[in-house]
Amino acid sequence: MTVYDDRSDIEALGGPPLWVCALLGIVMIAAGFAALSDVAFATIISVKFIGLMAIAAGAFEIIHAFWTKGWGGFLWQILLGALYAAFGLVLLTQPASGALILTYLLGAVLFASGVIRCVLSFAHWRQNGWMMLISGIFGLLAGVLILFGFPAISVWALGFLLGVDLISHGLAWLLYALQAARRTA
């Protein structure tokens, strides 16, 4: 007997169990408060983690270059992989300098994305563009605060943002679990 289901595979799987969502939320909130308790340490840890990820990405890029020699961009892939790996090594061996680089980059990206969202909000004003405008203003302000507070802010900015992000993400998981529990009750 064949059963046809018009739901996608993801929908058919359903969400994670409520206790997993609640536990994930609690763990993320606890990790966020731990990061906020020593933002300088959290900044160094996050810089080193990003360094490890850059080294891994560089290694995979170099391996991929040898794996797919016939694609035509062999030397470019090797160069890109070497740049990733070198950047990762700088972040690992010089985490304070890495924090400066990443903080400045974060400020520039937040500023640019804030400007873009502000401009796009007017083009999409009828589709709740005001929410995009508010988001753009926050991004713009965050970028300006980081760029004008540079370099002193680089000691704690990444750790602070990591802590706040972990707490907000943990709260979102807890709210998801609570709403799902209310729906099933």
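Residues numbered from 1 in each chain as written. Predicted model: local features only at pLDDT ≥ 70, side-chain atom pairs only at ≥ 80, totals over all residues. Heavy atoms only, no water.

## Some details on the overall build of the protein
(1) Moving on: Each helix and strand counted, the protein has 7 helices and 0 strands in total.
(2) Moving on: For the protein, the α and β elements follow one another from N to C terminus as α-α-α-α-α-α-α.
(3) Moving on: In summary, the protein has a C-alpha radius of gyration of 21 Å against a globular reference of 16 Å for 185 residues, an excess of more than 25%.
(4) Moving on: Dimensions along the principal axes, computed over C-alpha positions, put the protein at roughly 55 × 50 × 40 Å.
(5) Moving on: Burial statistics for the protein: of 185 residues in total, 25% are counted as buried.
(6) Moving on: Taking the contacts inside the protein whose residues are at least 6 apart along the sequence as the reference set, 75% of them involve residues at least 24 apart.
(7) Moving on: For the protein, the accessible surface area stands at approximately 12500 Å², while carbon and sulfur atoms represent 76% of it.
(8) Moving on: Averaging the locations of the 7 positively and 7 negatively charged side chains of the protein gives two centres separated by 7 Å. (Helix = DSSP H or I, 4+ residues; strand = E, 2+ residues; numbered from the N terminus. Rg over C-alpha atoms; globule rule 2.2 N^0.38 Å. Buried < 20%, exposed > 50% of the residue type's maximum accessible area, 1.4 Å probe, protein only. Contact = heavy atoms within 4.5 Å. Areas by Shrake-Rupley, 256 points an atom, 1.4 Å probe, with all protein chains shown as cover. Lys, Arg positive; Asp, Glu negative; His and termini not counted. Charge placed at Lys NZ, Arg CZ, Asp CG, Glu CD.)

## Observations concerning the packing of aromatic side chains
(1) Moving on: A full pass over the atoms with the stated rule returns 5 aromatic pairs.
(2) Moving on: Ring plane angle 55° and centroid distance 5.1 Å describe the contact between Tyr 104 and Phe 150, whose orientation is recorded as tilted. With Tyr 104 in helix α5 (residues 95-123) and Phe 150 in the loop between α6 (129-148) and α7 (157-184), this pair connects stretches of sequence that are 46 residues apart.
(3) Moving on: Here Phe 122 and Trp 125 contribute two aromatic rings whose centre-to-centre distance is 5.7 Å and whose plane-to-plane angle is 10°, an arrangement assigned as stacked.
(4) Moving on: A relative accessible area of 56% means that Phe 122 is categorised as exposed.
(5) Moving on: Take Trp 125: its relative accessible area is 41%, and that puts it in the partly exposed class. (Phe/Tyr/Trp six-rings, centres within 6.5 Å; stacked < 30°, edge-to-face > 60°.)

## Some details on the side chain of Thr 43
(1) Moving on: Relative to the helices and strands, Thr 43 is located in helix α3 (residues 39-67).
(2) Moving on: Overall, the relative accessible area of 1% leaves Thr 43 in the buried class.
(3) Moving on: If we ignore the near neighbours within four places in the chain, the residues touching Thr 43 are Ala 99, Ser 154, Val 155, Trp 156, Ala 157, Leu 158 and Gly 159.

## Here's the deal with helix α2 (residues 18-37)
Counting along an α-helix, one turn takes 3.6 residues, and residues three or four places apart therefore face a common direction.
(1) Moving on: With 20 residues, α2 extends 29 Å between its outermost C-alpha atoms, agreeing within 8% with the 28 Å of an ideal straight helix rising 1.5 Å per residue.
(2) Moving on: When α2 is considered as a whole, its buried residues turn out to be Cys 21, Gly 25, Met 28, Ile 29, Gly 32 and Ala 35. Projected down its long axis, α2 shows its buried positions confined to an angular sector of 125°, all on one face. Residues of α2 that are exposed and point over 90 degrees away from its buried face: Trp 19, Phe 33 and Ser 37. (Expected span 1.5 Å × (residues − 1). Arc of directions from axis to C-beta.)

## Section: the packing of α3 against α5
(1) Moving on: Close contact between α3 and α5 brings their axes to 9 Å; oriented N to C, the two are set at 85°. Taken together, the axis directions place α3 and α5 in an arrangement best described as roughly perpendicular. In contact with Thr 43, Ile 44, Val 47, Lys 48 and Ile 50 of α3, α5 contributes Pro 95, Ala 96, Gly 98, Ala 99 and Leu 102.
(2) Moving on: Partitioned by chemical class, the residues of the contact of α3 with α5 number 7 nonpolar, 2 polar and 1 charged. (Axes fitted to C-alpha atoms, helices over the stretch in contact; angles between N-to-C directions. Parallel < 35°, antiparallel > 145°, perpendicular 65-115°, else oblique. Nonpolar A, V, L, I, M, F, W, Y, C, P; charged D, E, K, R; others polar.)

## With respect to the nonpolar core
(1) Moving on: Membership of the largest hydrophobic core is limited to 5 residues, which are Val 47, Leu 91, Ala 99, Leu 102 and Leu 158.
(2) Moving on: When sequence neighbours within four positions are dropped, the list of residues in contact with Leu 158 reads Thr 43, Ser 46, Val 47, Ala 99, Leu 102, Thr 103 and Leu 106. (Core = buried A, V, L, I, M, F, W, Y, C linked by side-chain atoms within 4.5 Å.)

## Side note on the side chain of Gln 77
(1) Moving on: Here Gln 77 is to be found in helix α4 (residues 74-93).
(2) Moving on: A residue is classified by how much of its surface remains accessible, and Gln 77, at 13% relative accessible area, is buried.
(3) Moving on: Leave out the neighbours within four places in its chain, and Gln 77 touches Glu 61, His 64, Ala 65 and Thr 68.

## Examining a nonpolar patch on the surface
(1) Moving on: A contiguous nonpolar surface patch, about 590 Å² in accessible area, is contributed by Phe 49, Ile 50, Leu 52, Met 53, Phe 87, Val 90 and Ile 101.
(2) Moving on: If you list the elements that add at least two residues to the nonpolar patch, you get α3 and α4.
(3) Moving on: Mapped onto the elements, Phe 87 comes out in helix α4. (Patch = residues over 30% accessible without salt bridge, like charges linked within 9 Å, V, L, I, M, F, W, Y side chains within 5 Å. Salt bridge = Lys/Arg side-chain N within 4 Å of Asp/Glu carboxyl O.)

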